[in-house]
Amino acid sequence: MGGKPPLIWEDSMAVHLISYTTTSGEQGVARIRTTRPAPSWADCHRQIDGYLTGTYLGVEPEYTLTYTTADGDQRRVLPRTGVESFGKLLSSLAGRGEAWDIAVTDEAGADVVCNFRCFAG
């Protein structure tokens with residue numbers, strides 16, 4: 001088999017963070033996926049049950065995850081949740097000697113691998 005696994009996140013899709021209130025009074029922060037520069041009210045209403053109002057908090061930060069396998073150097077650009085979920089699999093591969101040279105950098109290029117639970121210990 002080999003090769004790269006398919007990416008879950010589309011290149012044109014961005015994840016935006018919204019602080020919201022629903023018609024039932026629930027408050028929280030939601031991740032809204034859209035191809036727009038910022039989510040519309042309709043985007044929020046479709047993705048948050050009972051959405052009433054919200055405040056735009058910005059685009060969810062992305063991280064670059066790099067590693068090496070027998071197939072060569074690999075690179076993925078993922079949000080935090082993607083690094084955590086893919087990182088669990090990658091840590092398992094590393095434990096079996098099937099992946100190495102694992103690194104995670106933030107958008108500024110700083111090493112942040114230790115900021116992710118999946119790579120701790």
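Residues numbered from 1 in each chain as written. Predicted model: local features only at pLDDT ≥ 70, side-chain atom pairs only at ≥ 80, totals over all residues. Heavy atoms only, no water.

(A) Spotlight on the side chain of E84. Tracing the backbone shows E84 in helix α2 (residues 80-95). A distance of 3.0 Å separates a polar side-chain atom of E84 from the backbone nitrogen of R117. In terms of polar contacts, E84 uses its side chain to reach the backbone amide nitrogen of C118, at 3.0 Å. (Helix = DSSP H or I, 4+ residues; strand = E, 2+ residues; numbered from the N terminus. Polar contact = N/O pair within 3.5 Å; in protein donor to acceptor, adjacent residues only side chain to side chain.)

(B) Summary view of the packing of aromatic side chains. Taken as a whole, this structure holds 3 aromatic pairs when the rule is applied. With a centroid separation of 5.2 Å and 85° between ring planes, the pair formed by Y63 and F116 is classed as edge-to-face. Of this pair, Y63 sits in strand β4 (residues 62-69) while F116 sits in the segment after β6 (100-105), placing them 53 residues apart in sequence. The exposure classification of Y63 matches that of F116, with both residues buried. Against the face of F116 rests R80, its NZ or CZ located 4.4 Å from the ring centre. (Phe/Tyr/Trp six-rings, centres within 6.5 Å; stacked < 30°, edge-to-face > 60°. Buried < 20%, exposed > 50% of the residue type's maximum accessible area, 1.4 Å probe, protein only. Lys NZ or Arg CZ within 6 Å of the ring centre and 35° of its normal.)

(C) Inspection of the sheet that holds β6 at higher detail. Taken in spatial order, the 3 strands line up as β5-β4-β6 in an open sheet, and their pairing is antiparallel. At either end of the open sheet lies a strand with only one pairing partner, and these are β5 (72-79) and β6. Each adjacent strand pair in this sheet contributes to an overall mean axis angle of 15°, direction not counted. Looking at chain direction, β4 and β5 are connected through 8 bridges and run antiparallel. Within the sheet, the bridge partner assigned to T69 lies in β5 and is G72. Sheet strands touched by α2: β4, β5 and β6. Its angle to β5, the strand with the most contacts, is close to 150°. (Pairing = 2+ DSSP bridges. Axes fitted to C-alpha atoms, helices over the stretch in contact; angles between N-to-C directions. Contact = heavy atoms within 4.5 Å.)

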